[in-house]
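Take a look at the letters that make up each chain.
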Amino acid sequence: MSYIGRFAPSPSGPLHFGSLVAALGSYFQAKSQQGQWLVRIEDLDPPREMPGAASLILETLEAYQLHWDGEVVYQSQRHDLYQHQIEYWLQSGQAYYCQCTRKQIKAMGGFYQGTCRDLTLNQPDN
């Protein structure tokens, strides 16, 4: 399998210098391995997003000659894909519903100990 590098900025504003450095490192690592470099926009927090920021970020990458391979992926457009995978894991027994709260897990020492693994739980209402 060939190397795949990724850059996944959040569109909360224009691309800042630290993110540009991260993009450069990811890009050059992928290209040094004759791999692909993918861009995924992490647009899952609408209150923090700035209108037009995703386009500005992509324009900045292009201005620095950082050309991605394939289509730009927008996380907000992938919910159905993720839900399908979750359903597969649940049906195959590779995942289960957990009813534990963060407070309960913290009381267990901060690590989930599989409390709900063997329980028969109903699917939560969506």
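Our subject is the structure that appears above.
A brief report on the enclosed structure follows. As the structure is a computational prediction, the values presented were derived from the model and not from experiment.

1. As for the sheet that holds strand S2 (residues 36-41)
- Here 3 strands make up an open sheet; going across it, the order is S1-S2-S3 and the pairing parallel. The open sheet is flanked by strand S1 (4-7) and strand S3 (73-74), the only strands paired with a single partner.
- Sheet strands touched by helix H1 (residues 17-32): S1 and S2. Its angle to S1, the strand with the most contacts, is close to 170°.
- The sheet contacts of helix H2 (residues 53-63) involve S1, S2 and S3, and relative to S2 the element is tilted by about 160°.

2. Examining the packing of aromatic side chains
- All told, the structure shown has 4 aromatic pairs when counted by the stated rule.
- For the pair Tyr27 and Trp37, a centre-to-centre distance of 5.2 Å together with 90° between the ring planes defines the contact as edge-to-face. Taken as a pair, Tyr27 in helix H1 and Trp37 in strand S2 lie far apart in primary sequence, 10 residues in all. Of the two residues, Tyr27 and Trp37, neither departs from the other in class, the shared state being buried.

3. Describing unusual backbone geometry
- Phi at Gln34 is positive, roughly 55°, even though this residue is not glycine.
- Inspection of the secondary structure puts Gln34 in the loop between H1 and S2.
- You can call Gln34 exposed: its relative accessible area is 66%.
- Its identity is not glycine, yet Gln65 carries a phi of approximately 60°, on the positive side.
- Secondary-structure assignment places Gln65 in the loop between H2 and S3.

Criteria and thresholds
- Residues numbered from 1 in each chain as written.
- Predicted model: local features only at pLDDT ≥ 70, side-chain atom pairs only at ≥ 80, totals over all residues.
- Heavy atoms only, no water.
- Pairing = 2+ DSSP bridges.
- Helix = DSSP H or I, 4+ residues; strand = E, 2+ residues; numbered from the N terminus.
- Contact = heavy atoms within 4.5 Å.
- Axes fitted to C-alpha atoms, helices over the stretch in contact; angles between N-to-C directions.
- Phe/Tyr/Trp six-rings, centres within 6.5 Å; stacked < 30°, edge-to-face > 60°.
- Buried < 20%, exposed > 50% of the residue type's maximum accessible area, 1.4 Å probe, protein only.

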